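Working through the structure, step by step
The chain contents come next:
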Amino acid sequence: MFPRVIQSNFVPSNTPVSASAIQNLKTFIETTKNLLVLTGAGISTPSGIPDYRSEGVGLYARSTNRPVLYQDFLKSAHIRQRYWARNYVGWPRFSSVLPNAAHYILSKWEKSGKIHWLVTQNVDALHLKAGTKLLTELHGSAHRVECLGCKQVFPRTRMQDLLSADNPDWQATSIDMAPDGDVQLTREQEKGFQVSSCTSCGGILKPQIIFFGDNVARPVVQSVYDQLEQCDGVLVVGSSLQVYSGYRFILAAKQAKKPVAIVNIGETRADRLVDLKVNGSCVDVLSQVDSIG
């Protein structure tokens, strides 16, 4: 048995899914021999990580806090101070979040050969924690840090150690958390926070994630297109597909006449394109599909 729901504060209200919808999805998965799965924030909300857009419970509905833009991060030392101060406070909680049943079920399906490849738009590393191996982290991972100067990459845990060493007397707390581990702090709380630099070259350090306003690297995009070419169907789990970086693969799948199914609470950008839409919780729907013999 997998954990069904660890925390439901960020899961939008939803109604039970019909038995016929569950059976239709089961049939879709069984008849697709090389399945590509695309996951979004909705798969991680039951684990306690909020998404941005869900009605009533997403970050945009609950807070005026907005993600840092890529160009602002590059140009402004103050923005970098703000980002790393908030990320430093949020990291212990964010890094301790555990996968839920939906993550484990997809990992199980990979091991059984049902899934050809998994692409996630999330930066929380929960698929890796659940044991998924055939994986593309489309938007990177908040669990890695890169130097924009010498390009070295190292674990986020090391960045926490660097920040701790550079800020021995600085303290702040917050109960909020964003999908990338950011939290809400006041400007007064951010004062005095020292941002660590690369220990090798003194360069700017940045989480290895795609910030808003940045683009996914072309080799990463091409690698997903290559995986899509080898699959014969696509399953979207927990994504509204509002961001083009993920939506483009659904367009490509339909152009190639590959069937697409979606499991998500609420409308998505691709509802009019897909062959099957199941409106429901990722955890509940995948758990029911997995339980059918």
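To keep things clear, this report deals only with the structure shown in the data block. (Residues numbered from 1 in each chain as written. Predicted model: local features only at pLDDT ≥ 70, side-chain atom pairs only at ≥ 80, totals over all residues. Heavy atoms only, no water.)

**Points about the overall build of the protein**
Summing up its helical and strand segments, the protein has eleven helices and nine strands in all. Taking all 293 residues of the protein together, 54% fall into the buried category. Across the protein, every contact between residues at least 6 apart in sequence was considered, and the portion connecting residues at least 24 apart equals 72%. Here the protein displays about 13,300 Å² of accessible surface, and carbon together with sulfur accounts for 51% of that area. (Helix = DSSP H or I, 4+ residues; strand = E, 2+ residues; numbered from the N terminus. Buried < 20%, exposed > 50% of the residue type's maximum accessible area, 1.4 Å probe, protein only. Contact = heavy atoms within 4.5 Å. Areas by Shrake-Rupley, 256 points an atom, 1.4 Å probe, with all protein chains shown as cover.)

**A closer look at empty space enclosed by the protein**
Picture a little ball the size of a water molecule; that probe, rolled over the atoms, points out where space is still empty. Enumeration over the complete set of coordinates arrives at one cavity of 30 Å³ or more. Roughly 40 Å³ of volume is contained in the largest cavity. Considering the residues around the largest cavity, the lining is formed by Thr120, Asn122, Asp124, Ala125, Leu126, His127, Leu128, Leu135 and Glu137. Residue assignment for the lining of the largest cavity shows that the elements contributing at least two residues are helix H6 (126–130) and strand E3 (135–137). A per-element tally of the lining of the largest cavity places H6 first, with three residues. The residue inventory of the lining of the largest cavity, partitioned by class, reads four nonpolar, three polar and two charged. (1 Å grid on protein atoms, 1.4 Å probe; cavity = no way out; pocket = protein on both sides within 12 Å on 5 of 7 lines; lining within 4 Å. Points joined across faces, edges and corners; volume = space filled by probe spheres on them. Nonpolar A, V, L, I, M, F, W, Y, C, P; charged D, E, K, R; others polar.)

**Describing the pattern of salt bridges**
Scanning all chains against the criterion turns up eight salt bridges. Note that Glu137 is salt-bridged to Arg144, the shortest N-O span being 3.0 Å. By relative accessible area, which is 16% here, Glu137 ends up buried. Among the salt bridges present, the one from Glu188 reaches Lys191, with a minimum N-O distance of 3.3 Å. Judged by its relative accessible area of 56%, Lys191 falls in the exposed class. (Salt bridge = Lys/Arg side-chain N within 4 Å of Asp/Glu carboxyl O.)

**Some thoughts on the sheet that holds strand E1 (residues 35–39)**
Taken together, six strands build an open sheet; the order of strands is E3-E2-E1-E7-E8-E9 and the sheet is parallel. A single partner strand is all that each edge strand has here, and the edge strands are E3 and strand E9 (276–279). On average, adjacent strands in this sheet sit at an angle of 15° to one another, irrespective of strand direction. Of the pairings in the sheet, the one linking E1 to strand E2 (residues 115–120) comprises five bridges and is parallel in character. Residue Leu35 lies in a different strand from E2, and its bridge partner there is Ile115. Contacts from helix H5 (residues 101–111) reach E1 and E2, with the element oriented near 145° to E2. (Pairing = 2+ DSSP bridges. Axes fitted to C-alpha atoms, helices over the stretch in contact; angles between N-to-C directions.)

**Looking at the environment of Gly42**
Within the fold, Gly42 resides in the loop between E1 and helix H2 (59–62). Along the chain, Gly42 and Ser239 lie 197 residues apart, while their C-alpha atoms are 5.9 Å from each other. When neighbours within four sequence positions are excluded, Gly42 is seen to be in contact with Gly238 and Cys282.

**Some remarks on the packing of aromatic side chains**
For the structure on display, the rule yields nine aromatic pairs. Ring centres 5.8 Å apart and planes at 90° place the aromatic pair Phe73 and Tyr83 in the edge-to-face group. Taken together, the residues span a long stretch of sequence, with Phe73 in helix H3 (residues 70–75) and Tyr83 in helix H4 (residues 77–95) at a distance of ten residues. A residue is classified by how much of its surface remains accessible, and Phe73, at 0% relative accessible area, is buried. The interplanar angle of 50° and the centroid separation of 5.6 Å between the aromatic rings of Tyr88 and Phe193 together place this pair among those described as tilted. Taken as a pair, Tyr88 in helix H4 and Phe193 in the loop between helix H8 (187–190) and strand E6 (205–209) lie far apart in primary sequence, 105 residues in all. With respect to class, Tyr88 is no different from Phe193; both count as buried. Through a chain of ring-to-ring contacts, three or more aromatic side chains come together here, namely Phe73, Tyr83, Trp84 and Phe211. Across the ring face of Phe154, the terminal group of Arg158 is positioned such that the distance to the ring centre comes to 4.5 Å. (Phe/Tyr/Trp six-rings, centres within 6.5 Å; stacked < 30°, edge-to-face > 60°. Lys NZ or Arg CZ within 6 Å of the ring centre and 35° of its normal.)

Take it as geometry only, folks, not as evidence of what the structure does.
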